[in-house]
Amino acid sequence: MAQFQLEVNKNKYSVDVDPDTPLLWVLRDTLGLTGTKYSCGEGICGTCTVLIDGKAERSCALEVQNAVGKEITTIEGFAENPTHPIFKTWIDLEVSQCGYCQPGQILTLASLLNEKTKPSIKQVEDVMDSVLCRCGTYHRIKKAVVKLVEEEK
């Protein structure tokens, strides 16, 4: 075990965990931030996505020791601004079905929009294709993303 200082959702935490513990388990089990979901455990499906310094990262594949000194934003932190255009569009278009992948979908999109304010539809599709949706709401996710991107133009 080792002591790590983390900044999560603009709050500072001190955690005592093994250095190779995936950030996902620190967020969920140690800090109680269960909005970040577990799925594949290998960084493939995108369900566990969080923002690290504004960029999407798979928290199941990121050791906690590599998150020290970085700004971590989970879906709980992102949701502190419920009027964010992504949330408003998600709600307006009733995107979520089961909701399990939605934190990963939303934070992946937020990361893209942090990097490119006006991405092409192809760029959006390439990035969003990296997040698996098990209940198949891809058509609603795409509709929301297209609306958001078109409104930005």
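Scoring rules and cut-offs
Residues numbered from 1 in each chain as written. Predicted model: local features only at pLDDT ≥ 70, side-chain atom pairs only at ≥ 80, totals over all residues. Heavy atoms only, no water. Core = buried A, V, L, I, M, F, W, Y, C linked by side-chain atoms within 4.5 Å. Buried < 20%, exposed > 50% of the residue type's maximum accessible area, 1.4 Å probe, protein only. Helix = DSSP H or I, 4+ residues; strand = E, 2+ residues; numbered from the N terminus. Contact = heavy atoms within 4.5 Å. Axes fitted to C-alpha atoms, helices over the stretch in contact; angles between N-to-C directions. Parallel < 35°, antiparallel > 145°, perpendicular 65-115°, else oblique. Left-handed = near helix turned anticlockwise from the far one by under 90°. Nonpolar A, V, L, I, M, F, W, Y, C, P; charged D, E, K, R; others polar. Pairing = 2+ DSSP bridges. Salt bridge = Lys/Arg side-chain N within 4 Å of Asp/Glu carboxyl O.

Asks: How should the nonpolar core be read in this particular structure?
Replies: As a rule of thumb, soluble globular proteins bury nonpolar side chains together. Formed by 22 residues in total, the largest nonpolar core has its most connected members in Phe78, Ile86, Trp90, Ile106, Leu109, Ile141 and Val145. Taken together, the elements giving at least two residues each to this core come down to helix H2 (75-78), helix H3 (85-92), helix H4 (102-115), helix H5 (121-128) and helix H6 (138-152). Among the elements that make up this core, the one with the highest residue count is H4 (6 residues). Every residue in contact with Ile86, bar those within four places of it in the chain, is listed here: Phe78, Ile106, Leu109, Ala110, Leu113 and Leu148. By size, the runner-up hydrophobic cluster in this structure holds 16 residues, among which are Val15, Leu62, Val64 and Ala67.

Asks: Looking at this structure, I do not really get the packing of H3 against H4. What am I missing?
Replies: Helix packing geometry: the angle between the two helix axes and the distance between the axes. The geometry of H3 relative to H4 is characterised by a closest axis approach of 10 Å and an angle of 135° between their N-to-C directions. Judged on the interaxial angle alone, H4 and H3 are oblique. H3 and H4 meet at a crossing whose hand is right-handed. Residues Ile86, Phe87 and Trp90 of H3 lie in contact with H4, whose contacting residues are Gln102, Gln105, Ile106, Leu109, Ala110 and Leu113. Of the residues that constitute the contact of H3 with H4, the class distribution is 7 nonpolar, 2 polar and no charged.

Asks: Can you help me understand the sheet that holds strand S2 (residues 11-17) in this one?
Replies: Two strands in a sheet stick together by hydrogen bonds in their backbones, pointing the same way (parallel) or opposite ways (antiparallel). Across the sheet, which stays open at both edges, the 5 strands sit in the order S2-S1-S5-S3-S4 with mixed pairing between neighbours. Each having just a single partner strand, S2 and strand S4 (55-58) make up the two edges of the open sheet. The sheet shows a mean angle of 45° between the axes of neighbouring strands, direction not considered. Of the strand pairs in this sheet, strand S1 (residues 2-8) and strand S5 (residues 71-73) are connected by 2 bridges, and their pairing is parallel.

Asks: I'm lost on the pattern of salt bridges in this one. Help?
Replies: If charged atoms from side chains of opposite charge come close, those side chains can pair. Summed over all chains, the structure comprises 4 salt bridges. Between Lys122 and Asp126 there is a salt bridge whose closest N-O contact spans 2.9 Å. Note that Lys122 and Asp126 are positioned in helix H5 at a spacing of 4 residues, about one turn of the helix. On the basis of relative accessible area, Lys122 is assigned to the exposed category, the value being 53%. By relative accessible area, Asp126 is classed as partly exposed at 45%. When the shortest N-O distance is used, the salt bridge between Lys147 and Glu151 registers 3.9 Å. Residue Lys147 and its partner Glu151 are both found in helix H6; the two are separated by 4 residues, about one turn of the helix. A relative accessible area of 29% means that Lys147 is categorised as partly exposed.

Asks: It is not clear to me how the pairing of strand S3 (residues 49-52) should be interpreted in this structure. Could you clarify?
Replies: Both faces of the sheet carry side chains from a regular strand, because those side chains alternate between them. On S3, burial covers both faces: Thr49 and Leu51 on one face and Val50 and Ile52 on the other are all buried. Summarising the sheet, S3 and S4 pair through 4 bridges and their orientation is antiparallel. Paired with Ile52 across the strands is Lys55, a residue of S4. If you look at the hairpin formed by S3 and S4, you'll find 2 residues sitting between the two strands, and Asp53 has a positive phi there, around 50°. Note that S3 and S5 share 2 bridges and pair antiparallel. Along S5, the bridge assignment pairs Ile52 with Ile72.

Asks: What exactly am I supposed to notice about the environment of Glu80 here?
Replies: Inspection of the secondary structure assignment puts Glu80 in the loop between H2 and H3. For Glu80, a relative accessible area of 57% translates into the label exposed. Taking the C-alpha atoms as reference points, Glu80 and Leu31, separated by 49 residues in sequence, lie 17 Å from one another.

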